[in-house]
Amino acid sequence: MDDLKNIIEALLFVADEPLSAERLRQVLGPVEGAEIHAALAQLRAETEERRGGFALVEVAGGFQFRTRPEYGPWVKRLLDPRPVRLSKAALETLAIIAYKQPIIRAEIEHLRGVDCGGVLRQLLERKLIRVLGRRDIPGRPLIYATTKRFLEVFDLKDLNDLPTPREIEELGRPSLEERGNIVIEPDEEGASPSQEQAPPEPPPAAGEPEEPSPPPAPEEPPASPPAPEG
């Protein structure tokens, strides 16, 4: 196809999300995947050579033109983009899901040591995590994983691009918090874990047992009266 590189450049320019090579092939019609990848490689080389205000990057399983980090502050002055706001508890929970997925709520709460119902609901509302299904164990709890939106927010090519703790410590790679356009909000004071709302869960299919609630803590027996003296 004539002008394939320019056509792909135009498609990437107007797209509001990363475009995968497969998505480009669907739009372009009878074009071989090798031709698309060659055109993308040429575009990336040209933007790197020009060193302009933007670059073609591979993110969230696709390709997208993005502002170079060094010019981000001026773009923010113009657009004033609304950052993703997360509490420290939400960021901690998101990091656990990102590194341990697929994972269920009980496993998250075991690692954090507190109830995570309200935090999971917030992450679901922000489309940073999703429900994969139910684990085939008693109670059939929901299974959580991150989304494509998570990769876009934190500028990750895929989950393999997550920095390991060793890389963060030894190589200085930015942590999950530093990679995304997010604002860390202080946790609400006075809110106890038991006050958090659980995220909305779809009802189990017919015949499936519902996830049981934890049993109440047993009451302590009353203290025995002291024995009479003498």
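Keep in mind the model is a prediction, meaning the values are calculated, not measured. (Residues numbered from 1 in each chain as written. Predicted model: local features only at pLDDT ≥ 70, side-chain atom pairs only at ≥ 80, totals over all residues. Heavy atoms only, no water.)

Moving on, we come to the packing of aromatic side chains. Summed over the entire model, instances satisfying the criterion amount to two aromatic pairs. Both rings, one in F54 and one in F65, keep their centres 5.2 Å apart while their planes meet at 80°; by these two values the pair is edge-to-face. Separated by 11 residues along the polypeptide, F54 in strand β1 (residues 54-59) and F65 in strand β2 (residues 62-67) bring together distant segments of the chain. A relative accessible area of 32% means that F54 is categorised as partly exposed. Classification of F65 as buried rests on a relative accessible area of 18%. Geometrically, the ring pair formed by F150 and F154 is tilted, given 5.0 Å between the ring centres and 45° between the ring planes. When its relative accessible area of 0% is taken as the criterion, F150 is described as buried. Looking at F154, the relative accessible area reads 0%, which means it is buried. (Phe/Tyr/Trp six-rings, centres within 6.5 Å; stacked < 30°, edge-to-face > 60°. Helix = DSSP H or I, 4+ residues; strand = E, 2+ residues; numbered from the N terminus. Buried < 20%, exposed > 50% of the residue type's maximum accessible area, 1.4 Å probe, protein only.)

This part is about helix α7 (residues 117-125). Turning to α7, its buried residues are G117, G118, V119, L120 and L123. As for α7, its buried residues are in contact with β3 (84-87), α5 (88-100), α6 (105-112), β5 (129-134) and β6 (142-146). (Contact = heavy atoms within 4.5 Å.)

This next bit is on the sheet that holds β6. Strand order in this open sheet of three strands is β4-β6-β5, and the pairing throughout is antiparallel. Only two strands of the sheet have a single neighbouring strand rather than two, namely β4 (103-104) and β5. The sheet contact formed by β5 and β6 spans five bridges and is antiparallel. Among the inter-strand pairings, G133 is bridged to a residue of β6, identified as I143. Where α5 meets the sheet, its contacts fall on β4, β5 and β6, and the angle it forms with β6 comes to roughly 90°. (Pairing = 2+ DSSP bridges. Axes fitted to C-alpha atoms, helices over the stretch in contact; angles between N-to-C directions.)

Here T93 shows up in helix α5. Those residues in contact with T93 that lie beyond four places of it in its chain are I108, R112, C116, V119, L120 and L123.

A separate point is the confidence of the model for the protein. Interpretation of this model should avoid reading the predicted coordinates in detail wherever pLDDT is low. Scored by pLDDT, the protein has a mean of 77; 70% of the residues are at 70 or more. By mean pLDDT, the top-scoring element of the protein is β6 (94), and the lowest-scoring one is helix α10 (residues 176-179) (58). Confidence over residues 189-200 falls short of pLDDT 50; this stretch has 21 contacts with residues more than four positions distant or in other chains. The low-confidence segment residues 202-230 (pLDDT under 50) makes 16 contacts with residues lying over four places distant or belonging to another chain. (pLDDT = per-residue confidence, 0-100.)

Scanning all chains against the criterion turns up 14 salt bridges. Salt-bridge contacts for E70 lead to R51; the nearest nitrogen and oxygen are separated by 3.8 Å. You can see E70 sitting in the loop between β2 and α4 (72-79) and its partner R51 sitting in the loop between α3 (33-50) and β1, a full 19 residues away along the chain. A residue is classified by how much of its surface remains accessible, and E70, at 40% relative accessible area, is partly exposed. Look at R51 and you get partly exposed, because its relative accessible area is 45%. When the shortest N-O distance is used, the salt bridge between D115 and R105 registers 2.9 Å. Placement of D115 in the loop between α6 and α7 and of R105 in helix α6 is noted, with a sequence separation of 10 residues between them. With a relative accessible area of 24%, D115 lands in the partly exposed category. You can call R105 buried: its relative accessible area is 18%. One continuous salt-bridge network, built from bridges that share partners, spans E48, R51, R68 and E70. (Salt bridge = Lys/Arg side-chain N within 4 Å of Asp/Glu carboxyl O.)

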